[in-house]
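# Notes for the structure review
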Amino acid sequence: MEVESPIIIDNFLDYEDFTYLFDIVKEIHYRMSPLVPLKTKPEPDNHILFAHLLYDFFSPRSDYFKEFWEILFSNFHSLGDEFSVNAIIRSKINCYPQTADNVIHFWHCDRNHHHKGAIFSFNDCDGYTEILGYGKIQSKANRLILFDPSVPHRSSSCTDQSFRLNVLINYF
């Protein structure tokens with residue numbers, strides 16, 4: 001299977017916008033609830049993921065969605081029309097707490113049909129996203145990764161920071 005290479009953009013947001021969103025994410029961090037994946041295969045026993053849903057089922061699910069739309073998602077158009085957000089499928093903030101060893105999660109596809117996806121990282125750490133057929137992409141503050149999330153991919157926890165924080169969006 002030939003996989004289209006993801007597009008990786010460092011320093012996507014200017015400092016003020018990045019800092020503003022990061023402050024929001026740090027505030028949300030303490031109010032997140034555990035996410036229990038509904039899968040037939042359980043995740044590793046030493047895995048926990050906290051998530052804060054921004055958008056799902058055709059509507060915002062968070063009071064903070066507006067800020068993420070105005071500062072982050074609506075700016076994808078600056079990369080070209082093919083990256084513009086026309087319709088959101090889902091968006092959420094992920095928080096992976098620090099683990100003693102990197103916990104590597106199972107391969108998954110966000111949807112079974114081709115669509116657009118992005119992962120935006122809020123902190124530098126030794127956690128990563130791995131895309132089948134491409135390889136690992138390190139978590140780096142203010143890094144945007146654009147890819148097709150119908151391609152199998154997986155994430156990992158981190159060992160060198162208190163947590164790994166990112167926001168993801170699935171869209172057309």
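Up top is the structure.
Figured I'd write up the structure that's included with this text. All of these numbers come straight from a predicted model, not from anything done at the bench.

## Looking at the nonpolar core
- In this structure, Phe 68, Leu 72, Phe 73, Phe 76, Phe 120, Phe 122 and Val 167 are the most contacted members of the largest nonpolar core, which totals 33 residues.
- Taken together, the elements giving at least two residues each to this core come down to helix H1 (15-29), strand E3 (50-56), helix H2 (65-71), strand E5 (88-97), strand E6 (116-121), strand E9 (144-147) and strand E11 (163-171).
- If you tally residues by element for this core, the top one is H1, at six residues.
- When residues no more than four places from it in sequence are discounted, the contact partners of Phe 76 are Phe 12, Phe 83, Ser 84, Val 85, Ala 118, Leu 144, Leu 146, Ile 169 and Tyr 171.
- Among the nonpolar cores identified, the runner-up in size contains eight residues, and Ile 131, Ile 137, Ile 145 and Val 151 belong to it.

## Some words on the side chain of His 153
- In this fold, His 153 is placed in strand E10 (residues 153-155).
- Here the side chain of His 153 touches Asp 110 through a polar contact of 3.2 Å, side chain to side chain.
- Those residues in contact with His 153 that lie beyond four places of it in its chain are Phe 106, Trp 107, His 108, Cys 109, Asp 110, Glu 130, Ile 131 and Phe 147.

## So, the sheet that holds strand E7 (residues 128-131)
- Spatially, the three strands line up as an open sheet ordered E8-E7-E10, and their pairing is antiparallel. With partners counted over all chains shown, the strands left at the sheet margins are strand E8 (135-138) and E10, one partner each. Direction aside, neighbouring strands of the sheet carry axes that sit 20° apart on average.
- Looking at chain direction, E7 and E8 are connected through four bridges and run antiparallel.

The rules behind the values
Residues numbered from 1 in each chain as written. Predicted model: local features only at pLDDT ≥ 70, side-chain atom pairs only at ≥ 80, totals over all residues. Heavy atoms only, no water. Core = buried A, V, L, I, M, F, W, Y, C linked by side-chain atoms within 4.5 Å. Buried < 20%, exposed > 50% of the residue type's maximum accessible area, 1.4 Å probe, protein only. Helix = DSSP H or I, 4+ residues; strand = E, 2+ residues; numbered from the N terminus. Contact = heavy atoms within 4.5 Å. Polar contact = N/O pair within 3.5 Å; in protein donor to acceptor, adjacent residues only side chain to side chain. Pairing = 2+ DSSP bridges. Axes fitted to C-alpha atoms, helices over the stretch in contact; angles between N-to-C directions.

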